[in-house]
Structure formats: C-alpha cells, structure tokens
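For reference, the chains in residue letters:
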Amino acid sequence: MRVGLVQLTVSDDVEANLIRTRALIAQAAEAGAQFILTPECTNLLSSDRGYQAATLRSETDDLTLQTLRGDAQRLGVHLLIGSLAIKTDDLDGRFANRSYLIGPQGEILARYDKIHMFDVTVSETESYRESAAYRPGTEAITALVQDTTIGMAVCYDVRFPYLFRVLAKAGAQVLTVPAAFNDTTGAAHWHILLRARAIETGCFVLAPAQCGLHPAVKGNAPKHPRRTYGHSLVISPWGEILADAGPQEGITVVDLDLSDVAKVRGRIPSITHDRPFAVAAAAANPSPTSTA
C-alpha cells in the first residue's frame, strides 16, 4: 500500500484551508498514493468559541467534508480526513472532533469521534480545555482500506495505550493518529509515544500532523497564538521511523509492506499474551518478622 501524509498549517479561514488541503491531496495522488491522510482540524484551528459557533457546520452542510468526498471519488483514493470540527445537536452546544474515512466512490466508510479530550496546562502561558468546546466520543472504530484493517484515533488519544491495544486486538494492522500536537509536548513526546504504540501493537502507525504558527485571520486572535509541532510520521510495526516530514507543510509518500505486521507479531506475539491480574495494596504497617 502506498500512503500519502498531508502536513498542513491551517488558519481559522475554512475556505483558504480547503484550497491548500486539496492541492496537497492532489499532489499525493499524483505521486501514486492510494491512501491519503490529512491532520486533525483539517477545516480550521481557532480558539474563538464565538467564531467557531458562527462558522462551523453540521456534517451534511460542511464544505470541507463534501468537497473532499468529491475529491476522493475523482482521484479514486481512500482518504482519511484526520478530523473536522463539526456542529452537533448537543444541547450544550459542544462540537465533535471527528475523523472521517472516505472511500474511492466518495462514500463515508467510517466516523470516529475523538475520545480523549486535551484538558491540560502545558505552562503558565499555555493551557487547553478541549472538553469545554468538544464532546468526547464513546466508541473505538476499525474500518477497511482495501483489504487492510485500520484503527482510528486522534492526537491526544496517543497517550492512552489501552485504546490502541483494543484496536489491534480487534484486527487493526494500521493505526491512524492525525494530530495538531502542541510544539512543546511534541518536541518532548511525539516520536516516543508513536513509536511505543507501534511496538506495543505490532502495527504500522500513520500520523499526519499540523505544523507551524496558526494565525487568526477571521476570528479574534488569542493572546498566545497556537503553534504545532509538525513531523508527520510513518512508523513500522518494529518501531522504526520510515518517514519524518519535518516542520514544514507538504506531503510524505511511503510504500508499506503490510506483511511486516504478521512478521513482527510472529517474532514477538505480545498482542496475544494478555493475562488477567488484580491490584493489591501492601499493608501500610506490616507486622514485624518473628525471630523466634
């Protein structure tokens, strides 16, 4: 399977982002990619909740989704739209951070709503509360790309290894982790976390990423503009980095030998070695050992 990872620097301008995304998808298809992946937040990155509420659309009306479905059909490729910010019918007004797998006929083959919300304080000047604007998903999702089973995840999910183990045990051979990873935590953890998920599961990991400084073109600018790490990665089931896109926009095209999944799992079949166990706390004040 030839895969193409798209690395983007999106703003809060949906139309401008779509033009750039389509151009890079077309480049990946021209390079022979059969499965093309875009990052998390492909349609926009914005911290202005009022602007989001006014700009975002439901799935049926979303410009990016409908346009990229047409592109997948025209190009005859499988397309993972890493995620889109999508309006929902939730009474509290929260959006979904939703990943879409599009088939070569333009059909939606799978939807995955990001489960783990990025509610963190990275530093005194940088904090995120994703759950304030986005509702968490509740289901892990696998789907077929050609004859290959993929397991779908998004960004912060990568810090929760049990999700990836569940996906692998459900048949996933390839794990998709589109992201808009913070540049501070990215420099410290991005490569390590993704390699660990590949090694633990014996899966290929495909991680298309946002990169660079994300300007507020239409909404209110935050005090500290968002910066993401980039470095879209393709990782083998043995944990080798097959490709690293670096910090700039562009495409990364890699051929995967899917037989490597079975080979690696044959060498180290840890995916089949789960054992039940209990957690017991040692006594706080153990009795002294008798010397009688």
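Refer to the structure above for everything that follows.
What you see is a predicted model; the values in this text were computed from it and never measured. (Residues numbered from 1 in each chain as written. Predicted model: local features only at pLDDT ≥ 70, side-chain atom pairs only at ≥ 80, totals over all residues. Heavy atoms only, no water.)

(A) A look at unusual backbone geometry. With phi around 60°, cysteine 41 is a residue other than glycine that occupies positive phi space. Looking at where cysteine 41 falls in the secondary structure, it is placed in the loop between strand E2 (35-37) and helix H2 (49-55). (Helix = DSSP H or I, 4+ residues; strand = E, 2+ residues; numbered from the N terminus.)

(B) Examining the sheet that holds strand E3 (residues 78-86) more closely. Here six strands make up an open sheet; going across it, the order is E5-E4-E3-E2-E1-E16 and the pairing mixed. Of all strands in the sheet, those bounded by a partner on one side alone are strand E5 (108-113) and strand E16 (250-255). Here the average twist between neighbouring strands, direction ignored, is 20°. Of the pairings in the sheet, the one linking E3 to strand E4 (residues 96-102) comprises six bridges and is antiparallel in character. What sits directly across from leucine 84, in E4, is arginine 98. (Pairing = 2+ DSSP bridges. Axes fitted to C-alpha atoms, helices over the stretch in contact; angles between N-to-C directions.)

(C) Representation of helix H6 (residues 259-267). Turning to H6, its buried residues number three or more, namely Val261, Val264 and Arg265. Buried residues along H6 cover an arc of 95° about the axis, so they all sit on one side. The exposed set on the far side of H6, more than 90 degrees from its buried face, consists of Ala262, Gly266 and Arg267. Where H6 is buried, its residues touch helix H4 (161-169), helix H5 (183-201) and strand E11 (204-207). (Buried < 20%, exposed > 50% of the residue type's maximum accessible area, 1.4 Å probe, protein only. Arc of directions from axis to C-beta. Contact = heavy atoms within 4.5 Å.)

(D) Representation of the layout of surface pockets within the structure. A volume near 780 Å³ is recorded for the largest pocket. In terms of lining residues, the largest pocket is bounded by 36 residues, among which Ser46, Ser47, Ser127, Tyr128 and Arg226 are the most central. Contributing elements (two or more residues each) for the lining of the largest pocket: H2, strand E7 (126-129), H5 and strand E13 (226-229). The biggest single contributor to the lining of the largest pocket is E7, with four residues. For the lining of the largest pocket, the class distribution of residues is 14 nonpolar, eleven polar and eleven charged. (1 Å grid on protein atoms, 1.4 Å probe; cavity = no way out; pocket = protein on both sides within 12 Å on 5 of 7 lines; lining within 4 Å. Points joined across faces, edges and corners; volume = space filled by probe spheres on them. Nonpolar A, V, L, I, M, F, W, Y, C, P; charged D, E, K, R; others polar.)

(E) Spatial organisation of the packing of helix H1 (residues 14-30) against helix H3 (residues 63-75). For the pair H1 and H3, interaxial distance at closest approach is 11 Å and the crossing angle is 15°. Taken as axis vectors, H1 and H3 run roughly parallel relative to one another. Once H1 is placed against H3, the crossing between them reads as right-handed. Residue-level contacts link Val14, Glu15, Leu18, Thr21, Arg22, Ile25, Ala26 and Ala29 of H1 to Leu63, Thr64, Thr67, Leu68, Asp71, Arg74 and Leu75 of H3. Split by residue class, the contact of H1 with H3 holds eight nonpolar, three polar and four charged. (Parallel < 35°, antiparallel > 145°, perpendicular 65-115°, else oblique. Left-handed = near helix turned anticlockwise from the far one by under 90°.)

(F) Summary view of the packing of H4 against H5. Contact geometry of H4 with H5 gives a least axis separation of 10 Å together with a crossing angle of 40°. Judged by the angle between their axes, H4 and H5 are oblique. Considering only the axes of H4 and H5, their crossing is right-handed. In contact with Pro161, Phe164, Arg165 and Ala168 of H4, H5 contributes Arg197, Glu200 and Thr201.

(G) Region of the structure containing the pairing of E3. Summarising burial for E3: nine of the nine residues are buried, a large majority. As paired strands, E2 and E3 are joined by three bridges and run parallel to one another. Counterpart to phenylalanine 35 in the pairing with E3 is histidine 78.

(H) Summary view of the pairing of strand E1 (residues 2-7). Taking burial as the measure, the six residues of E1 include five buried ones, the bulk of the element. Bridge count for E1 against E16 is six bridges, and the pairing is antiparallel. Residue glutamine 7 lies in a different strand from E16, and its bridge partner there is glycine 250. Pairing of E1 with E2 involves three bridges; the strand directions are parallel. Bridge pairing in E2 places valine 3 opposite phenylalanine 35. Regarding topology, H1 serves as the crossover connection from E1 to the parallel E2, and that connection is right-handed. (Right-handed = clockwise from strand over helix to strand, strands pointing away.)

(I) Molecular detail of the environment of leucine 256. If you trace the backbone, leucine 256 turns up in the loop between E16 and H6. Residues leucine 256 and threonine 184, spaced 72 residues apart in sequence, show a C-alpha to C-alpha distance of 30 Å. Filtering out sequence-adjacent residues up to four positions away, leucine 256 remains in contact with Met1, Val3, Phe204, Leu206 and Val234.

(J) Region of interest: the pattern of salt bridges. Applying the stated criterion to the full structure yields 17 salt bridges. With a shortest N-O distance of 3.2 Å, aspartate 71 and arginine 74 are connected by a salt bridge. Of this pair, aspartate 71 and arginine 74 are both found in helix H3, three residues apart, which corresponds to roughly one turn of the helix. Since its relative accessible area comes to 4%, aspartate 71 is described here as buried. (Salt bridge = Lys/Arg side-chain N within 4 Å of Asp/Glu carboxyl O.)

Honestly, that's just the spatial picture; any functional story needs more than this.
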